[in-house]
Amino acid sequence: MLKSYIAFDIETTGLSPEMNEIIEIGALKVRGGRVQERFMEFIKPKNSIPDNITALTGITNAMVEQAGNMEQVLPQFLKFCEDDVLIGHNLIFDYSFVKIGADTLGSDFERHGIDTLKIAKRVHRDLPSKSLGELCRHYSIDNSAAHRAYHDALATAKLYQTLAHYFEEDEPEVFQPCPLICGALKCPSATKKQLDFLKRLAKQKGLPQTWNPETLTRNEASQLIDGILSGRNL
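Throughout what follows, the structure given in this document is the object of discussion. If you're wondering where the values come from, they're calculated on a predicted model, not measured in any experiment.

1. Considerations on the overall build of the protein
- Regarding its fold elements, the protein presents nine helices and six strands.
- With the C-alpha coordinates of the protein rotated into their principal frame, the extents come out at 45 × 45 × 35 Å.
- When the 234 residues of the protein are sorted by exposure, 48% land in the buried category.
- When the accessible surface of the protein is summed, it comes to about 12,100 Å², and 48% of that surface belongs to carbon and sulfur atoms.
- Distance between charge centres in the protein, computed from 27 positive and 31 negative side chains, equals 5 Å.

In structure tokens:
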């Protein structure tokens, strides 16, 4: 189990790293297995926060009104990360937003990371959902402020430690840090299994099908499934 790393999470105005914006970054710097520093910052977006994002996260336009913009906040976060291994849940989603933002500012952000979603898919094939919320419930990890960046980052760190405790000895390769490749431009399409599960969920909850199965990506499908299961349909 890694004893030093950065666990982080972001909240955004949507699912596309190219079209949408980061509105909150939360992270914790772990050294020797203990939290050494915390990073919690709102970012004022160029466009208004959509109502469905406010419903999901609780973040309003008023809350970010006095926050710094991307050009002010992101360099602080990049400095906070140093050269550490990054840990996140569905890590490539969060990393893609930060990487594209860093590229826009002319900054380097090439990192290695560990994805707790990838680990969960390997060791918990039996669970119908591997969302952060469902895994926290499975392991009785308290996350009373889900869908807020720092609290989700802290929950992810606890989930990583729990998964490593139970499974790292038997599945060491999935716990190894890997180079993070920004796949924002070529995000794979949603799988048939995801689409079928979404269709069943929507029918069970009496929700309209608001997504296009022809263009839905795997990341977007995961976000939709998480939103429906948590009772906050995106």
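2. What to know about the pattern of salt bridges
- Under the criterion given, the structure shown has twelve salt bridges.
- Across the pair E82 and R31 runs a salt bridge, and its minimum N-O distance is 3.4 Å. Of the two residues, E82 sits in the loop between α3 (70-81) and β4 (86-88) while R31 sits in strand β2 (residues 22-31), which places them 51 residues apart along the sequence.
- Overall, the relative accessible area of 40% leaves E82 in the partly exposed class.
- By relative accessible area, which is 24% here, R31 ends up partly exposed.
- The closest approach of N and O atoms between K192 and D196, which form a salt bridge, is 2.8 Å. Linking K192 with D196, this pair stays in helix α8 (residues 192-205), spanning four residues, or about one helical turn.
- A network of salt bridges, in which partner residues are shared, links K29, R31, E37, E82 and D84.

3. What about unusual backbone geometry?
- Even without a glycine there, the phi angle at N90 is positive, about 60 degrees.
- Structurally, the position occupied by N90 is in the loop between β4 and α4 (91-104).
- Assessed through its relative accessible area of 10%, N90 is described here as buried.
- At H147, a position not held by glycine, the phi torsion is positive, near 70 degrees.
- Here H147 lies in the loop between α6 (132-138) and α7 (149-167).

4. Looking at the pairing of strand β5 (residues 112-115)
- When β4 meets β5, the two strands line up parallel, connected through three bridges. By the bridge assignment, G88 is partnered in β5 with D115.
- For the crossover that starts at β4, traverses α4 and ends in the parallel β5, the hand is right-handed.
- Sheet analysis places β5 next to strand β6 (residues 178-179), joined by two bridges and oriented antiparallel.

5. Concerning helix α5 (residues 116-123)
- Among the residues of α5, T116, L117, I119, A120 and V123 are the ones counted as buried. One side of α5 holds all its buried residues, which, seen down the axis, span an arc of 160 degrees.
- Against β4, β5, α6 and α7 lie the buried residues of α5.
- With a side-chain oxygen positioned 2.9 Å from the backbone nitrogen of L117, the residue opening α5 is D115.

Cut-offs applied
Residues numbered from 1 in each chain as written. Predicted model: local features only at pLDDT ≥ 70, side-chain atom pairs only at ≥ 80, totals over all residues. Heavy atoms only, no water. Helix = DSSP H or I, 4+ residues; strand = E, 2+ residues; numbered from the N terminus. Buried < 20%, exposed > 50% of the residue type's maximum accessible area, 1.4 Å probe, protein only. Areas by Shrake-Rupley, 256 points an atom, 1.4 Å probe, with all protein chains shown as cover. Lys, Arg positive; Asp, Glu negative; His and termini not counted. Charge placed at Lys NZ, Arg CZ, Asp CG, Glu CD. Salt bridge = Lys/Arg side-chain N within 4 Å of Asp/Glu carboxyl O. Pairing = 2+ DSSP bridges. Right-handed = clockwise from strand over helix to strand, strands pointing away. Arc of directions from axis to C-beta. Contact = heavy atoms within 4.5 Å. Polar contact = N/O pair within 3.5 Å; in protein donor to acceptor, adjacent residues only side chain to side chain.

Geometry only, nothing functional implied.
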